Amino acid sequence: MTHIEKQIQDLTERLGYIEDIFGNRENANIALLRSKLNDFKAQLSSLDSGQLKRQLSSLGDLFLFLENKLEKELTPMDKVRIVRHPQRICLKDILENVYDNYTEIGGKDEYSIDPSMIIARAYITRKVGKKTYKQPVMVMGQEKGHGEEFRNGGSVKPWGNAKALEYMKVAETENIPIHTYIFTPGAFPIEDYPGAAQQIAKNIYVMAGLKVPVVAVFSEGGSGGAEAIGLADTRIMLSHGYYSVISPEGAAAIEGRLRDGQRSTPELVERCARQLKISAKDNLEMGYVDRILQEPPLGARAENFDFFKKLRHEVILATDEIVLSVRGMKLFRALALRKLSNPNIYVRWSLSPKSRERLTWQRYQKFMAMSRKFLLDNTSILEKSFSRINDYSWSVYAFLRYEFLGRHQRKITHLAEDVQGEVQALFGKMLSKGSRIISKIPGLKKEKKEACELTTLSSWESGISWDEHCRYISPQANKDRTVTCPNSDKFGCLDLWAPDLFSDFAGVCSYCGHHFPMEYEWYLFNVFDPRSIREFNSKIESSNPLSFDGLDIKLEQAKKSSGHKSACMTFEASIKGIRVVVAMLMARFRGGSVGVAEGEKFIRAAETARRKHLPFFAYIHGTAGIRIQEGTSGVIQMPRCTLAVRRYLELGGLYLVLYDTNSYAGPVASFLGCSPYQFAVRSANIGFAGPGVIRETTGQDIQPHYHKAFMTLSRGHIQGIWDRREIRNNLHQALMTMGGEFLYFR
Amino acid sequence: MIDITSLLEEIKKAPYKELTVFTPHSGRIEFALKEAGTTVHGASGVWNEKPGTLLAYLTREGNRKPVYAPEKGELVMFHDIDDHQFVQAGTPLLKIRHFLTKQEVIDIILKKALHLFLAPEKGRYYFVSAIDTKLKAKGLGHVNIRQGDEVLIISRMKRETVLVYDGPGGIIYTTYFNSSDSVEVGSPLLGVCPNNQVEEIKEVVARIQSGWEEKQ
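Cut-offs and rules
- Residues numbered from 1 in each chain as written.
- Chains lettered and ligands numbered in written order.
- Predicted model: local features only at pLDDT ≥ 70, side-chain atom pairs only at ≥ 80, totals over all residues.
- Heavy atoms only, no water.
- Helix = DSSP H or I, 4+ residues; strand = E, 2+ residues; numbered from the N terminus.
- Buried < 20%, exposed > 50% of the residue type's maximum accessible area, 1.4 Å probe, protein only.
- Contact = heavy atoms within 4.5 Å.
- Areas by Shrake-Rupley, 256 points an atom, 1.4 Å probe, with all protein chains shown as cover.
- 1 Å grid on protein atoms, 1.4 Å probe; cavity = no way out; pocket = protein on both sides within 12 Å on 5 of 7 lines; lining within 4 Å.
- Points joined across faces, edges and corners; volume = space filled by probe spheres on them.
- Nonpolar A, V, L, I, M, F, W, Y, C, P; charged D, E, K, R; others polar.
- Domains from an automatic or database assignment.
- Pairing = 2+ DSSP bridges.
- Salt bridge = Lys/Arg side-chain N within 4 Å of Asp/Glu carboxyl O.
- Core = buried A, V, L, I, M, F, W, Y, C linked by side-chain atoms within 4.5 Å.
- Phe/Tyr/Trp six-rings, centres within 6.5 Å; stacked < 30°, edge-to-face > 60°.

1. Looking at the overall build of chain A
The number of helices and strands found in chain A is 28 helices and 22 strands. Principal-axis analysis of the C-alpha atoms places the extent of chain A at approximately 130 × 70 × 55 Å. Counting every position in chain A, which comprises 746 residues, the buried fraction comes to 54%. In chain A, of all internal contacts separated by at least 6 residues, the share reaching a separation of at least 24 is 73%. Of the roughly 34900 Å² of accessible surface on chain A, 55% is carried by carbon and sulfur atoms.

Structure follows, in C-alpha cells:
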C-alpha cells in the first residue's frame with residue numbers, strides 16, 4: 001500500500017468512526033466530510049502526485065477542523081457510543097503506552113479465567129536528576145479488547161472479579177499502589193459461585209480497607225461492575241467517558257416500562273442519558289470523581305500517543321499526591337506537586353504502617369463526604385443540635401465504658417475467674433457437700449427459678465406466647481377469599497383461607513411451608529419486643545438530586561402511601577431484652593431502592609450502633625437495587641455504606657443481614673453482601689439481576705427457581721434460611737451465639 | 001405375544017389421543033376459549049416453566065385459578081356447561097385431541113413389545129465382558145439373554161457391582177444408556193424383546209420413521 005492509499009484509508013476510517021458516534025443523526029458537517037472525501041476518491045485517477053498531496057493535506061485539515069467542531073456537539077449518548085466503539089483505547093493499549101514494562105498475570109488473551117479482566121504487574125520508570133527509579137504498581141481493569149468477542153465487552157464474571165480481589169491483596173502485601181482502569185458496561189449478571197453480587201460485595205469490602213494507594217481511571221463506569229474495582233483514593237475520569245448507575249438503554253427500558261424483546265425509542269434513550277448526568281463534567285460537579293483527563297476531539301483512540309503521555313503523567317501525579325497526603329515527611333514535595341504541573345521530584349510509593357492507617361481513614365472520610373450535599377434533611381436545628389450532643393455523649397461514654405474501664409474490667413473479670421477456678425479446685429468437694437446439707441434444711445429447699453427452668457421439662461417460655469405478640473393484622477387478611485399455594489400441584493396443598501393464612505399462619509402454607517410475602521409491619525410487631533422500637537433520623541427524605549423527570553411525583557406518592565419519608569427506616573429496638581440498631585429497607589417505598597437518603601440513614605445507623613456498642617441488624621424487607629433516577633448519587637451509596645459497615649465491623653461489631661421478599665442489585669452487591677452473617681426468610685429471592693435482565697444481557701433463559709433462598713444458600717451466599725415464625729427466636733439465638741463474650745463487641 | 005403390525009394399524013385408524021380436562025375442584029367456571037377447533041399448546045420452556053394455553057378460570061371463594069391446556073392439540077368438544085356456571089370437582093370441561101408424533105408412536109409400540117430393564121440405582125452402567133464382546137461382534141438385535149444372567153456392572157464412586165437380569169428372556173433390542181454417563185435411578189437401561197419379534201419390530205419402526213405424518 002502506498003503512502004497516499006494509506007492516508008485515504010485513514011481518512012475513510014475517521015469518517016466511519018464519526019458516523020458511528022453520531023448514530024442516525026443527520027449532521028451537515030458529517031455530510032460535508034463525506035461528500036469531500038467521495039469527490040476526492042472519484043477524481044483520484046485524474047490528479048498528479050503534487051495535486052494529490054495538496055488535496056490530501058487540505059482534506060486532513062478539514063477533518064481536523066470539523067472534528068473539533070463536532071466535538072462541541074457531542075451529546076451524552078454520543079459519549080456512550082464513543083466508549084463502546086471498538087476503536088476506543090483499551091487497557092492493553094494503556095499497559096503498552098503508559099507503563100514502561102508489564103507482565104500480565106494469569107492470562108493470555110482467551111486463555112484466562114476471565115478474559116474481560118486483565119491484571120498486570122507493571123512498573124513506571126522515573127528519572128529524577130541523575131537517578132533512575134523503577135516504581136512497581138499493580139494494574140487491573142476490564143478489557144474490551146477493541147471488540148474481541150471473548151472479552152465479553154468488558155462484562156466481568158464473578159471469577160474475574162475474584163481474581164482482581166486476589167491481586168489487590170497481593171499488592172497490599174507487597175506494599176505497592178494499585179491502578180485500576182474501568183472499562184465496563186456492567187458486571188455479567190450470573191449467579192454461579194459465588195454469585196455476581198456476592199463477589200462485588202467482597203471486592204468493595206476489601207477495597208474499603210486496602211492499605212495501599214488506589215487510583216481509578218473511569219472510561220466506561222457501568223454500575224456494580226465499575227464499583228468492583230472503583231473504590232479508590234483518587235478517581236480520574238476520562239473526558240469522553242461515562243459513569244452511571246445503569247446504561248441509558250436499561251434506564252429507558254425501566255422508564256418506558258418495556259417488556260421482553262421490546263426496544264425503546266432512540267429519543268427516550270437519549271433523554272435518559274441526559275437526565276442521568278453520566279458525563280465526566282456532571283460527575284466532577286457532583287463530586288464523585290476528583291478530576292477529568294481531557295481526551296483528543298471525539299475521544300481517545302489507540303493511535304493518540306500524546307494522550308497516553310498525559311494519562312501517564314496523571315496517574316503518577318495522583319499516586320504521588322495520595323502517598324504524600326498520608327506521609328509524615330511531605331511539606332515541600334506536596335507543595336511542589338500542587339503548584340507545578342510536572343515536578344521533577346521523587347516520591348517513594350510504599351507506605352509505613354502509620355501512613356497506611358491514615359490512608360484508610362482518609363478514604364473513609366472522602367467517601368463519607370460524597371453525596372451529602374444532596375441530602376434532604378428536614379430535622380430542625382434544635383433536634384440536630386440535640387442529636388449531635390447526644391452522639392458526642394455516647395462517644396464519650398463508649399470511650400470511658402468500653403475503652404478505658406472495659407480494658408481493666410476485662411482484666412479484673414479474668415483474674416476473678418482464675419481465682420474462682422483455683423478455689424473450686426481446692427475446696428470443690430467440701431463446698432458441694434456443704435451445699436447439699438444446706439439444701440436439706442427445711443424452708444431453703446426451694447430451688448432458684450433459673451435452676452427449675454434448666455432441670456424441668458421444657459414448656460412455652462413465659463411471656464413469649466405467639467398470640468400475645470401478634471397484634472398486627474395484615475390487609476391481606478381482611479379479604480374473604482381463599483389463596484392457592486404455588487406448590488399445590490407438587491405437594492397437594494389445599495387452598496388456604498386468607499384471614500387464617502395472613503394472621504394465624506403468619507403467611508406460611510400450613511401444608512408445605514411455602515412463605516407468602518408479608519408486609520414489613522408484621523416483622524415490627526412480631527420480631528421485636530412490644531413498644532421497644534425508637535425510630536431515629538425519620539426526617540431525612542428521599543429527594544430528586546438529578547431533577548429526573550417524574551421522580552418528584554413518584555416520591556410524593558410513595559411518601560403518602562407508605563407514611564415514610566424514604567425507603568429506609570432506622571430504629572433502635574430490643575429482641576428479648578437485647579438492644580439492637582436496625583436499618584430496614586421497605587419494598588413498599590419505590591421497591592426499597594436505595595438513594596442518597598437511604599444510604600445516609602444506613603450509614604448513620606451503623607455509626608449509632610458503633611457509638612453505642614450495639615449489634616447492627618439490617619432487615620431487608622425488599623430492595624430493587626439502587627434508585628436509578630438518582631444516577632451516580634445512588635450508585636455511590638454502595639462504597640459509602642460498605643465503608644461504614646467495614647468500620648463498624650473492624651471495631652468489633654456484629655452485623656447481621658436478613659433478606660425477605662426480593663433483594664437484588666447494588667445493595668446486595670455491596671453493604672448487604674459484605675456481611676459475614678447473612679440469612680434469608682424462606683420467601684426470599686436474592687441475586688444481582690432479575691430474570692428479565694439476565695435474559696436480556698446474556699441471552700440465556702434461567703431456571704424458574706434461580707434466585708430462591710435455597711439456591712442462594714447452595715451457592716454459599718447466605719448462611720441459613722429461617723422460617724418466618726421462628727425469626728424472633730432465631731435472631732435472639734444469633735445474637736447470643738455470634739455476639740461473643742462481651743456482647744457483640746470484641 | 002402381541003401382533004405389532006395390527007397394533008400399528010390400530011394406531012393409524014385413530015392417530016391421536018384424546019384428553020379430557022376436568023375441574024380440579026368446585027367453583028364457577030369462566031371459559032377463556034369458546035370455539036371448538038382452536039389449537040392449544042401444553043407447558044413449554046426448558047424447565048416447562050411456561051404454562052400451556054389458558055382454557056378457563058375456575059373461581060372458588062374469591063380465588064380465581066387458571067386452568068391450562070395439559071398438552072398440544074386441538075379443542076374438539078366442549079361439554080355441556082354454560083359460561084359462569086357453578087361446577088362440582090371432577091366435572092369434565094372439554095376434550096383436547098392430541099395427534100401422536102413419530103416418537104410417541106414408536107414409544108407406544110416399543111413399550112408394548114419390549115421388556116424394559118430399569119436402573120435400580122444411580123450410577124454408571126457397563127455390560128459384563130461376555131455380553132460386551134458379543135454385542136461388539138454381532139450388534140444390537142442379535143444377543144440373547146436369559147433370566148438370571150449377569151448382564152451389567154454398576155459403577156458408582158469406585159464401587160462396582162454385577163447386576164443380574166431378572167426379566168423374561170429375549171434379544172437385547174436396544175440400549176438406553178451410555179457407559180460414560182451417569183444414569184438416574186428408574187431410567188430404562190435395556191429393551192429386551194422375544195427372539196422371534198425382532199425383525200417385525202425393526203420393520204414397523206422403519207415404516208413409522210419413513211411414513212408417519214405428523215399433524216402440526
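2. Points about the layout of surface pockets
All names here are of chain A. Estimated volume of the second largest pocket: approximately 950 Å³. Where the lining of the second largest pocket is concerned, the elements lending two or more residues are helix H15 (381-440), strand E13 (534-536) and helix H22 (596-612). For the lining of the second largest pocket, the element with the highest residue contribution is H15, accounting for ten residues. Here the lining of the second largest pocket is composed, by residue class, of four nonpolar, seven polar and 16 charged.

3. A few points about the domain arrangement of chain B
Examined at the domain level, chain B breaks down into domain 1 (14-99) and domain 2 (103-211). Look at where the C-alpha atoms of domain 1 of chain B and domain 2 of chain B centre, and you get two points 38 Å apart.

4. Things to note about the environment of Ile171(B)
Within the element layout of this structure, Ile171(B) appears in strand E14 (residues 170-175). Residues Ile171(B) and Cys193(B) lie 22 residues apart in sequence; the distance between their C-alpha atoms is 5.4 Å.

5. Details of the pairing of strand E8 (residues 234-244) of chain A
Residue and element names in this part refer to chain A. Counting buried residues in E8 gives eleven out of eleven residues, a clear majority hidden from the surface. Relative to E8, strand E7 (residues 214-222) runs parallel, the two sharing seven bridges. Within E8, the residue paired with Val215 across the bridge is Thr234. Where E8 and strand E9 (residues 291-293) come together, three bridges link them in parallel fashion. Each bridged residue has a counterpart across the sheet, and for Met237 the counterpart in E9 is Ile292.

6. Structural notes on empty space enclosed by the protein
Using a probe with the size of a water molecule, rolled over the atoms, empty space left in the structure can be pinpointed. All names here are of chain A. In this structure the tally under the stated criterion is one cavity of 30 Å³ or more. Computed from the structure, the largest cavity encloses a volume of approximately 30 Å³. As for the largest cavity, its lining consists of Tyr523, Val527, Phe528, Phe617, Tyr619, Leu658 and Ile727. Within the lining of the largest cavity, the residues separate by chemical class into seven nonpolar, no polar and no charged.

7. Here we look at the pattern of salt bridges
All names here are of chain A. One pass over the structure, following the stated rule, counts 48 salt bridges over all chains. The closest approach of N and O atoms between Asp377 and Arg604, which form a salt bridge, is 3.7 Å. Note that Asp377 is positioned in strand E10 (residues 376-377) and Arg604 in helix H22, a separation of 227 residues in sequence. Sharing partners across several salt bridges, the network here consists of Lys92, Glu104, Asp109, Glu148 and Arg151.

8. Remarks on the sheet that holds strand E7 (residues 86-87) of chain B
Note: strands within a sheet are paired through backbone hydrogen bonds, in either parallel or antiparallel orientation. Residues and elements named next belong to chain B. Strand order across the open sheet formed by four strands is E5-E4-E2-E7, with antiparallel pairing between neighbours. On the outer flanks of this sheet lie strand E5 (63-68) and E7, each paired with one strand and no other. Two strands pair when backbone bridges link them, and strand E2 (residues 27-31) and strand E4 (residues 54-60) are joined in this way by four bridges, in the antiparallel orientation. Within the sheet, the bridge partner assigned to Arg28 lies in E4 and is Thr59.

9. What about the nonpolar core?
Most often, soluble globular proteins have nonpolar side chains that are buried together. Residues and elements named next belong to chain A. In terms of nonpolar packing, the biggest core is built from 116 residues, with Phe602, Phe616, Tyr655 and Tyr659 touching the most fellow members. Ranked by the residues each element gives to this core, the list is headed by helix H7 (residues 196-208), at eight residues. Among the nonpolar cores identified, the runner-up in size contains 41 residues, and Tyr472, Cys509, Cys512 and Phe679 belong to it.

10. Examining the packing of aromatic side chains
Residues and elements named next belong to chain A. One pass over the structure, following the stated rule, counts 21 aromatic pairs over all chains. Measuring from ring centre to ring centre gives 5.8 Å for Tyr472 and Phe525, while their planes differ by 25°; the resulting arrangement is stacked. A residue pair is termed long-range when its members are at least 10 positions apart, and Tyr472 in the loop between helix H17 (466-469) and strand E11 (482-483) and Phe525 in helix H20 (residues 520-526) qualify at 53 residues. One aromatic cluster is present, built from ring pairs that chain together Phe602, Phe616, Tyr648, Tyr655 and Phe671.

11. Observations concerning unusual backbone geometry
Residues and elements named next belong to chain A. Of note, the bond from Tyr193 into Pro194 is cis; its omega dihedral lies within 30 degrees of zero at -5°. Tracing the sequence through the fold places Pro194 in the loop between strand E6 (178-184) and H7. Its identity as a non-glycine residue notwithstanding, Ser223 has a phi of 45°, on the positive side. Considering the arrangement of structural elements, one finds Ser223 in helix H8 (residues 223-227). Not every positive phi belongs to a glycine, and Arg590 is a case in point at roughly 45°. Note on placement: Arg590 falls in the loop between strand E16 (578-585) and H22. The exposure class assigned to Arg590 is partly exposed, which follows from its relative accessible area of 29%.

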